[in-house]
Amino acid sequence: MPATSRRSFLVTVFGVIGTLWFAVHAIEYVFARYSALEASFSLPAPFGLSGLFEGMPQWASIAVTAAIWLGLLGAFLLLLGDRASVLILSFTLLATCVALVWGILNFLEGNQSLEGVNLILFLGSQTLMAFGLWLYSRTAKRYQTI
């Protein structure tokens, strides 16, 4: 008798959406960190984080870097149906919250954007996406659909 899978269709949907979300930011990150690549292939107008990373303090830059790469790993693990996605997405949420604190502090000082990137919008959307993925993966783990 074949084994039945309890995998939910929504695990795949959330995994694909999260993986695509963080993959776009990972591509932006690679372009921002490697100037030779950014000079060779320019990204369209709304993309590009090189100015953002240059204007950030080191601790906030590390938090954004961790959020992007851990988010990509966590979303991919969710897509694969791995329970480790809950732990990885927890760290992602923590990193995005740290970066969002810097964005809020910068916003309170009167800086709404940095090099054309709206800090609250960018960091807030990262935090909301990480929270949504973490909450769903936690719930899916609890109900044993991953």
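Residues numbered from 1 in each chain as written. Predicted model: local features only at pLDDT ≥ 70, side-chain atom pairs only at ≥ 80, totals over all residues. Heavy atoms only, no water.

Can you walk me through the overall build of the chain in this structure?
Across its full length, the chain carries 6 helices and 2 strands. Taken from the N to the C terminus, the helices and strands of the chain come in the order α-α-α-α-α-β-β-α. Burial statistics for the chain: of 146 residues in total, 40% are counted as buried. Long-range pairs, those at least 24 residues apart, make up 70% of the contacts in the chain between residues at least 6 apart in sequence. Summing over all exposed atoms, the chain offers an accessible surface of approximately 8,300 Å²; the carbon and sulfur share of this is 69%. (Helix = DSSP H or I, 4+ residues; strand = E, 2+ residues; numbered from the N terminus. Buried < 20%, exposed > 50% of the residue type's maximum accessible area, 1.4 Å probe, protein only. Contact = heavy atoms within 4.5 Å. Areas by Shrake-Rupley, 256 points an atom, 1.4 Å probe, with all protein chains shown as cover.)

Would you explain helix α1 (residues 9–33) in this entry?
For an α-helix the count is 3.6 residues per turn, leaving residues at separations of three or four pointing the same way. Here α1 spans 36 Å end to end across 25 residues, near enough to the 36 Å set by a 1.5 Å rise per residue. Within the span of α1, buried status applies to V11, G15, G18, T19, F22, H25, A26, E28, Y29, F31 and A32. One side-chain oxygen at the N-terminal end of α1 lies 3.1 Å from the backbone nitrogen of L10; it belongs to S8. (Expected span 1.5 Å × (residues − 1). Polar contact = N/O pair within 3.5 Å; in protein donor to acceptor, adjacent residues only side chain to side chain.)

Is there a simple way to explain the environment of A66 in this structure?
The topology assignment puts A66 in helix α4 (residues 58–80). A residue is classified by how much of its surface remains accessible, and A66, at 26% relative accessible area, is partly exposed. In the structure, A66 is positioned 30 residues away from T96 in sequence and 8.2 Å away in space, judged by C-alpha atoms. What A66 contacts, discounting residues up to four positions off in sequence, is G71 and A95.

What is the right way to look at the packing of helix α5 (residues 84–108) against helix α6 (residues 119–142) in this model?
The axes of two packed helices give the description: the angle between them and the distance between them. Interhelical geometry of α5 versus α6 gives an angle of 160 degrees and a closest axis separation of 8 Å. Compared by their axis directions, α5 and α6 come out roughly antiparallel. For the pair α5 and α6, the sense of crossing is left-handed. Looking at the contact of α5 with α6 residue by residue, the classes come out as 16 nonpolar, 10 polar and 2 charged. (Axes fitted to C-alpha atoms, helices over the stretch in contact; angles between N-to-C directions. Parallel < 35°, antiparallel > 145°, perpendicular 65-115°, else oblique. Left-handed = near helix turned anticlockwise from the far one by under 90°. Nonpolar A, V, L, I, M, F, W, Y, C, P; charged D, E, K, R; others polar.)

Would you take a moment to explain the nonpolar core for this structure?
What tends to happen in soluble globular proteins is that the nonpolar side chains get buried as a cluster. Formed by 19 residues in total, the largest nonpolar core has its most connected members in L52, M56 and V64. Going through the elements one at a time, α1, α3 (50–55), α4, α5 and α6 are the ones with two or more residues in this core. If one sorts the elements of this core by residue count, α4 sits on top with 4 residues. Counting 14 residues, the second largest nonpolar core, distinct from the first, contains F22, A75, A130 and A140. (Core = buried A, V, L, I, M, F, W, Y, C linked by side-chain atoms within 4.5 Å.)

Please explain the environment of T139 as it appears in this structure.
As for its placement among the helices and strands, T139 is situated in helix α6. Under the relative-accessibility criterion, T139 is labelled partly exposed at 32%. Residues T139 and V86, 53 residues apart in the sequence, show an inter-C-alpha distance of 9.3 Å.

Just geometry here; none of it tells us what the structure is for.
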